Amino acid sequence: MKKNREDLQSRVDLLRKLADSYDDKGPVIDAVVWHDGEVWRAALDTQSLEDEPERGKLAEFLPLTNYRLERKYGIFSKLDACTCVLNIYNEGNILSIVTDSSPHGTHVAGITSAYHSKEPLLNGVAPGAQLISCKIGDSRLGSMETGTGLVRALIAAVDHKCDLINMSYGEPSLLPDYGRFVDLVNEVVNKHRLIFISSAGNNGPALSTVGAPGGTTSSIIGVGAYVSPAMAAGAHTLVEAPPEGLEYTWSSRGPTVDGDLGVSISAAGGAMAPVPTWTLQHRMFMNGTSMSSPCACGGVALLLSAMKAEHLPVSPYSVREALENTCIPVGGSPEDKLSAGQGLMQVDKAYDYIQKLHAVPSVRYQIKITQSGKSAPTSRGIYLREADFCQRSTEWTVKVEPKFHDDASNLEQLVPFEECIKLHSTGEGVVKAPEYLLLTHNGRDFNIIVDPTTLSDGLHYYEVYALDCKSPWRGPLFRIPITITKPQAVKSRPPLTVFKGMSFVPGHIERKFVEVPTGATWVEVTMKTSGFSTARRFFIDSVQISPLQRPIKWESVATFSSPSSKSFSFAVEGGRTMELAIAQFWSSGVGSHDTTSVDFEIEFHGISINKQEIILDGSEAPVRVDAEALLLLENLAPAAVLNKVRIPYRPVDSKLSTLSAERDQLPSGKQTLALLLTYKFKFEEGAEIKPYIPLLNNRIYDNKFEAQFYMISDTNKRVYAMGDVYPETAKLPKGEYTLQLYLRHDNVQYLEKMKQLVIFIEKKLDEKESIQLSFYTQPDGPVIGNSSFKSSVLIPGAKEAFYVAPPAKDKLPKGVAAGSVLVGAISYGKVSFGVNNEGKNPEKNPVSYSVSYIVPPTPIDVDKGKGSSSTCTKSVAEQLEEEIRDAKIRVLSNIKQSTDEGRSDWKKLSISLKSEYPKYTPLLAKILEALISQNNFEDKIHHYEEIVGAADEVIESIDTDELAKYFSIKSDPEEEGAEKTKKKMDTTRDQLADALYQKGLALAEIELLKGKKVVDKEDAKAVEGSSTQPDLFEENFKELQKWVGVKSSQYGTIFVIRERREGRLGTALKVLSDMIQEDGSPPKKKFYDLKISLLEEIGWAHLVSYEKQWMSVRFPPSLPLF
């Protein structure tokens, strides 16, 4: 009765536990693909999505083919209202089920071309324009775009003969107008004449925040986000609209780091537009440059529609010229071009313009600028940002090259091309250029002199633009943007800059440019507000530009519910200009008519050091650091921690293949190739990890490799993590894992060089494993242990040195192999306000640097084996006999039984060896192991009886009394030979336990096959006539129980079988669940198969269904496609 009560309680506990741990991994959908004689078709079984058992069956799904052929879509179920389309590739071997990652794409498409015949007010800009929807956002990455998706979208656009591309996506970029995707975009625009329009980005209001590709690529029209008074009142439902239109505060600004304007034009940056049905609403309001880009694209679609109707030639060059030269300027100053480009687009005026332009050759003007006397770097504009350039006159060489479309005729277009150009400067006193220029197809050079010495501090924008002397009505043929951000110097000591009494109204931006004093590494800022009664919201940005880096940006959004002050701190780079952009959010304070007054105080701090990165080479030697405060007294309080380990791996396999021409043949006709690299790694316990690929990470558009994607899977092919250019942390249980890295390019030589690509698996150390580094004033400090260094006060101009000690070898995390790299951060100073960090986490300080430690080879244990080995008493002949015996066993173990001949050889040799060594346990254990591994047998009962016999031979070969005696007496580990004896006894016990365990499993299988309990024949005769028969399984179980824990993951299956035999299914399930949890490594399929069979037997159908769905996740038949 007690065990029955425990069984019932186990059932209750299990149900509660399963309810608490319920995890929905999404639906499991079956798909059927077939060829109907004309096209490939597919149907989906979505019954698992339906509440009603009769709905969602395969027969009810309308078969679909590739969307482009019939333009039909399906709906998963009424419950989710989620639409999908199908595409079938590779002769029916690949089925692509396409649905949304978010409402973003539908909303963007609706802005461009939504068509409501009965409600025209709901129409998009170009109602009814035909769309090709190319999904570049990968649902596996939370809608992040991938290189593969981007390139396939370009291929599809050319293949479908599109006129326009809209791309409402983008990322920060290291290099403007650079990268594999940019190269392909240039080909699509210049050769195939597509007009490419894209969002400029949402990272404003600071300058140089335009994103790639929209704001950084010459062949793309980058669009900023504009809000009109009508939009503000209607779409944003403000109590009072602004008096005039303006750019949204967050809209990204130019120039690019190489001086190009960045933003080409502006368009409405918000809309109430359609969204997918699964959102359970028809329309939704969204804003962003993602919305301004399709608005502009819709306007261009109208323009193209009219041009085609009038049989006017379409060229991205002439369309762009028309758009930019007919915009209405936004704002009243030249500097506003950096925010809004040439202004708000005007479709009607652009059409009038292009009607007059049809006889003019379609040309784009490529601008390359270098500083006179230098060949590099080249730029597309002049950007004088640093103090040195703003304090002297500079001369620049401008090369203008007319570029025609690739199909232009040499004789008819290139040779006759000649333009007489008049150059104009918008700031004659600052920017001087030649007056005239005769431009032919081969291009011309001319010089520009820029003299900013007389300018006041702050932002100044000028242009040199070119007019056609014969057709001045065209407006500028090309423009050379000149941006000057003249910084103010900080001369006071201590270095302090104060901006007092700045007045703000909604949408106002104050830009302050400061030359960060040499030696400054961080700033402490206080912002004080006054003069208002309702809440105010401010964007505060700081941007510095350094060569071959993304713009160094710090940003904060501060809300002041009442007049008060807030403090911030952030890192800066000494000697470089810092822009401080302070903006009252465009809609904040609307209707109150209060002017907000802001005081801004910036205090510069800095500790200069001689090493930007500390590398501890694995030796006992510390690294010396020289610290100096150049500006004011600073508290030198170093703190360093190693909290991650990077383990290097090379691929164990590499496969180079040619991809299908169906989706991966480039517009040029070149075929895309794929390189698949396979890496293997193992964790003895669960870990938080992140792949780290130094060559490729953090670059998507400014990368010459077309695509990168990785998957991490366990031995069951279950995928635990996926990622691309921005790897994310993933939690992995203990076990063995495979990382596959997928690279694409059309150049086989590039991919060949990547076949031995080194990657790192970065494992996060928990707080107990993290190592706090120590500091010393003497080089011998780490060894001797004295002269530790904690802190001191740095006097300006005086250097102080100390040593960073390597971690003690006994502090290294367990299992870290030689060649691995421990990484972390080191900081040197502290801010005067904020949370007390107590030196534990340097990354919380405004300035921290990288510190790393290369793990050296493990020390050799010279004492290992001393005193633990006894003198060998065996003769040479005996030792030789043992070696021969072990060699024979190894030969037996190596015989493969996959063929009849192999099985026959194995059987003959095993019989021979058993007769030669009848009581040698290791041999008998090997024979048992080989029998268990056999899987090609016909007579199952005979096979399991063989296993029982082999297990009995192992059991009988072991002196269990001697074994029990050894484990019942505590031995002295220091005694001579104790370690060797312990090892031998542990091995023998494990062999005994394994034999008993395998015997029990075999007996259970025989019972199942025969349908009755197995009894020993001799015991059965002895108790003949008795009411009870001996139970061989139970006897074997009790014997096993003497030697090992039968509820452990290693032996627990036998306990589960026993409880099942006794009808105690609840207890069996509880133990099985504990085994699965205890195992920790990637789950074993046999455990889950057993769990499902127990649930079926107990009658819990809902849990059977749940577990069967999870089997598709835990044990997929194959890895997903890249």
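Keep in mind that this is a model prediction, so the values were computed, not measured. (Residues numbered from 1 in each chain as written. Predicted model: local features only at pLDDT ≥ 70, side-chain atom pairs only at ≥ 80, totals over all residues. Heavy atoms only, no water.)

**Student:** Would you mind going over the pattern of salt bridges in detail, with residue names and values included?
**Tutor:** Enumeration over the complete set of coordinates arrives at 60 salt bridges. Across the pair D445 and K399 runs a salt bridge, and its minimum N-O distance is 3.6 Å. Of this pair, D445 sits in strand β21 (residues 444–450) while K399 sits in strand β17 (residues 394–403), and the two are 46 residues apart along the sequence. Note on D445: relative accessible area 43%, which makes it partly exposed. Accessibility expressed as a relative area gives 29% for K399, which makes it partly exposed. Residue R1064 is joined to E1059 by a salt bridge in which the shortest nitrogen-to-oxygen separation is 2.6 Å. A network of salt bridges, in which partner residues are shared, links R152, R180, D664, E706, R744 and D746. (Salt bridge = Lys/Arg side-chain N within 4 Å of Asp/Glu carboxyl O. Helix = DSSP H or I, 4+ residues; strand = E, 2+ residues; numbered from the N terminus. Buried < 20%, exposed > 50% of the residue type's maximum accessible area, 1.4 Å probe, protein only.)

**Student:** Can you tell me about the sheet that holds β21, naming the residues and giving the values?
**Tutor:** Judged by pairing direction, the sheet is antiparallel, and its four strands sit side by side in the order β15-β17-β21-β19 without closing on themselves. Pairing within the sheet leaves two strands with one partner each, and these edge strands are β15 (364–371) and β19 (431–432). (Pairing = 2+ DSSP bridges.)

**Student:** I'd like to hear about the state of the cysteines, residue by residue, with values.
**Tutor:** Tallying each qualifying case throughout the model produces zero disulfides. In this structure C82 is a free cysteine whose sulfur lies 7.1 Å from that of C84, the closest cysteine sulfur available. What makes C82 buried here is its relative accessible area of 12%. (Disulfide = S-S within 2.5 Å.)

**Student:** Run through unusual backbone geometry, naming residues and quoting values.
**Tutor:** Looking along the chain, the bond that leaves G204 and enters P205 is cis, with omega of 15 degrees. Residue position: P205 is located in the loop between β9 (195–199) and β10 (221–227). The amide bond that connects A212 to the next residue, P213, takes the cis arrangement and shows omega of 0 degrees. Tracing the chain through its elements places P213 in the loop between β9 and β10. The phi dihedral of R193 is positive, around 65 degrees, even though this residue is not glycine. You can see R193 is positioned in the loop between α5 (180–190) and β9. Taking the relative accessible area as the measure of exposure, R193 reaches 29% and is therefore partly exposed. Although it is not a glycine, S787 adopts a positive phi angle of roughly 60 degrees.

**Student:** Tell me about the environment of Y436, and name the residues and values.
**Tutor:** Residue placement: Y436 occurs in strand β20 (residues 436–440). Separated by twelve residues in the primary sequence, Y436 and H424 have C-alpha atoms spaced 9.0 Å apart.

**Student:** Just give me the short version of a negative patch on the surface, but keep the residues and values in it.
**Tutor:** A grouping of D972, E974, E975 and E976 is seen on the molecular surface, where their side chains present a negatively charged patch. Along the chain, E974 turns up in the loop between α20 (960–968) and α21 (978–1010). (Patch = residues over 30% accessible without salt bridge, like charges linked within 9 Å, V, L, I, M, F, W, Y side chains within 5 Å. Areas by Shrake-Rupley, 256 points an atom, 1.4 Å probe, with all protein chains shown as cover. Lys, Arg positive; Asp, Glu negative; His and termini not counted. Charge placed at Lys NZ, Arg CZ, Asp CG, Glu CD.)

**Student:** Break down helix α17 (residues 900–916) for me, with residues and values.
**Tutor:** Taking 1.5 Å of rise per residue, the 17 residues of α17 would be expected to cover 24 Å, and the 24 Å separating its terminal C-alpha atoms lies within 8% of that figure. In this structure, the buried residues of α17 make contact with α16 (876–894) and α18 (921–933). (Expected span 1.5 Å × (residues − 1). Contact = heavy atoms within 4.5 Å.)

**Student:** Give me the lowdown on the environment of L676, citing residues and values where you can.
**Tutor:** Here L676 lies in strand β38 (residues 673–683). Taking the C-alpha atoms as reference points, L676 and D23, 653 residues apart in sequence, are found 32 Å from one another. The contact partners of L676, leaving out residues within four places of it in the chain, are D653, S654, K655, Q740, L741, Y742 and F1122.

**Student:** Describe in detail the side chain of S208, supporting the description with residues and values.
**Tutor:** Of note, S208 is situated in the loop between β9 and β10. Not counting chain neighbours up to four residues away, the residues in contact with S208 comprise R253, G254, P255, Y383, R385, I545 and P551.

**Student:** Could you give an account of a nonpolar patch on the surface, with specific residues and numbers?
**Tutor:** Taken together, Y67, Y73 and I75 make up a surface patch of nonpolar side chains, about 310 Å² in accessible area. By secondary structure assignment, the location of Y67 is in helix α2 (residues 67–70). Given the relative accessible area of 34%, Y67 is considered partly exposed.

**Student:** Outline the nonpolar core, supporting the account with residue identities and numerical values.
**Tutor:** Of all hydrophobic cores here, the largest spans 64 residues; its most connected members are L1040, V1056, L1072 and L1094. Ranked by residues supplied to this core, first place goes to α21 with ten residues. Excluding its chain neighbours within four sequence positions, the residues that come into contact with L1094 are V1056, R1060, L1065, A1068, L1069 and L1072. Core analysis: the next-biggest nonpolar cluster, separate from the first, contains 58 residues, L616, A629, L794 and V816 among them. (Core = buried A, V, L, I, M, F, W, Y, C linked by side-chain atoms within 4.5 Å.)

**Student:** Before we move on, can you summarise the environment of S608 with the specific residues and values?
**Tutor:** Relative to the helices and strands, S608 is located in strand β32 (residues 608–609). Those residues within four positions of S608 in sequence are excluded, and the remaining contacts are G519, D626, A627, E628 and L630.

**Student:** Can you break down the sheet that holds strand β26 (residues 522–530) residue by residue, with the values?
**Tutor:** In spatial order, the strands read β24-β31-β26-β29; together these four strands make up an open sheet with antiparallel pairing. The open sheet has two edge strands, β24 (496–504) and β29 (565–571), and neither has a second partner. Each neighbouring strand pair of the sheet contributes to a mean axis angle of 20 degrees, computed without reference to strand direction. In this sheet, strand β31 (residues 596–605) lies alongside β24 in antiparallel orientation, the contact comprising seven bridges. Paired with F499 across the bridge in β31 is F600. (Axes fitted to C-alpha atoms, helices over the stretch in contact; angles between N-to-C directions.)

**Student:** Can you lay out the side chain of S198 for me, pointing to particular residues and giving the numbers?
**Tutor:** On the secondary structure map, S198 appears in strand β9. Judged by its relative accessible area of 0%, S198 falls in the buried class. Leave out the neighbours within four places in its chain, and S198 touches M167, Y169, P213, G214, I220, I221, G222, V223 and S293.

**Student:** Give me the pairing of β26: which residues, what numbers.
**Tutor:** In this structure, β26 lies alongside β31, joined through nine bridges in antiparallel fashion. Among the inter-strand pairings, M527 is bridged to a residue of β31, identified as F600.

**Student:** Tell me about the packing of aromatic side chains, residues and numbers included.
**Tutor:** The full count for this structure, using the stated rule, is 31 aromatic pairs. Plain terms: the ring middles of Y248 and W586 are 5.4 Å apart, the flat faces sit at 90 degrees to each other, and that makes the pair edge-to-face. On the criterion of sequence distance, the pair formed by Y248 in the loop between β11 (246–247) and β12 (265–268) and W586 in the loop between β30 (577–584) and β31 is long-range, its members being 338 residues apart. According to the relative accessible area criterion, Y248 is buried, its value standing at 0%. An aromatic cluster is present here, built from Y248, W250, F539, F585 and W586 joined pairwise through their rings. A cation over a ring is seen here: R537 above F585, with NZ or CZ 4.6 Å from the ring centre. (Phe/Tyr/Trp six-rings, centres within 6.5 Å; stacked < 30°, edge-to-face > 60°. Lys NZ or Arg CZ within 6 Å of the ring centre and 35° of its normal.)

**Student:** Outline the packing of α16 against α18, listing residues and values.
**Tutor:** Orientation of α16 relative to α18, taken along the N-to-C sense of each, is 5 degrees, at an axis distance of 10 Å. The pairing of α16 with α18 is recorded here as roughly parallel in orientation. Here I889, L892 and S893 of α16 lie close against α18, whose contacting residues are L923, K926 and I927. Taken together, the residues of the contact of α16 with α18 break down into four nonpolar, one polar and one charged. (Parallel < 35°, antiparallel > 145°, perpendicular 65-115°, else oblique. Nonpolar A, V, L, I, M, F, W, Y, C, P; charged D, E, K, R; others polar.)

**Student:** Requested: an account of the packing of helix α8 (residues 316–324) against helix α10 (residues 347–357), with residues and values cited.
**Tutor:** With their axes 8 Å apart at the nearest point, α8 and α10 run at an angle of 135 degrees to one another. The angle between α8 and α10 places the two elements in the oblique class. With respect to the hand of their crossing, α8 and α10 are arranged in right-handed fashion. Contact residues: α8 offers S318, V319, E321, A322 and L323, while α10 offers A350, Y353, I354 and L357. Residue classes in the contact of α8 with α10 are distributed as seven nonpolar, one polar and one charged. (Left-handed = near helix turned anticlockwise from the far one by under 90°.)

**Student:** Describe the pairing of strand β5 (residues 94–98), and please don't skip the residues or the numbers.
**Tutor:** The sheet contact formed by strand β4 (residues 83–89) and β5 spans five bridges and is antiparallel. If you follow N87 over to β5, its bridge partner there is S96. A loop of four residues connects β4 with β5, the two strands running antiparallel in sequence, and N90 in this loop sits at a positive phi of about 55 degrees.

**Student:** Pulling in residues and values, what's your account of α5?
**Tutor:** Among the eleven residues of α5, nine are classified as buried, and the element is accordingly described as predominantly covered. For α5, the complete set of buried residues consists of R180, F181, V182, L184, V185, E187, V188, V189 and N190. Taken together, the buried residues of α5 touch α4 (147–159), β8 (164–167), β9, α8, β15 and β43 (735–745).

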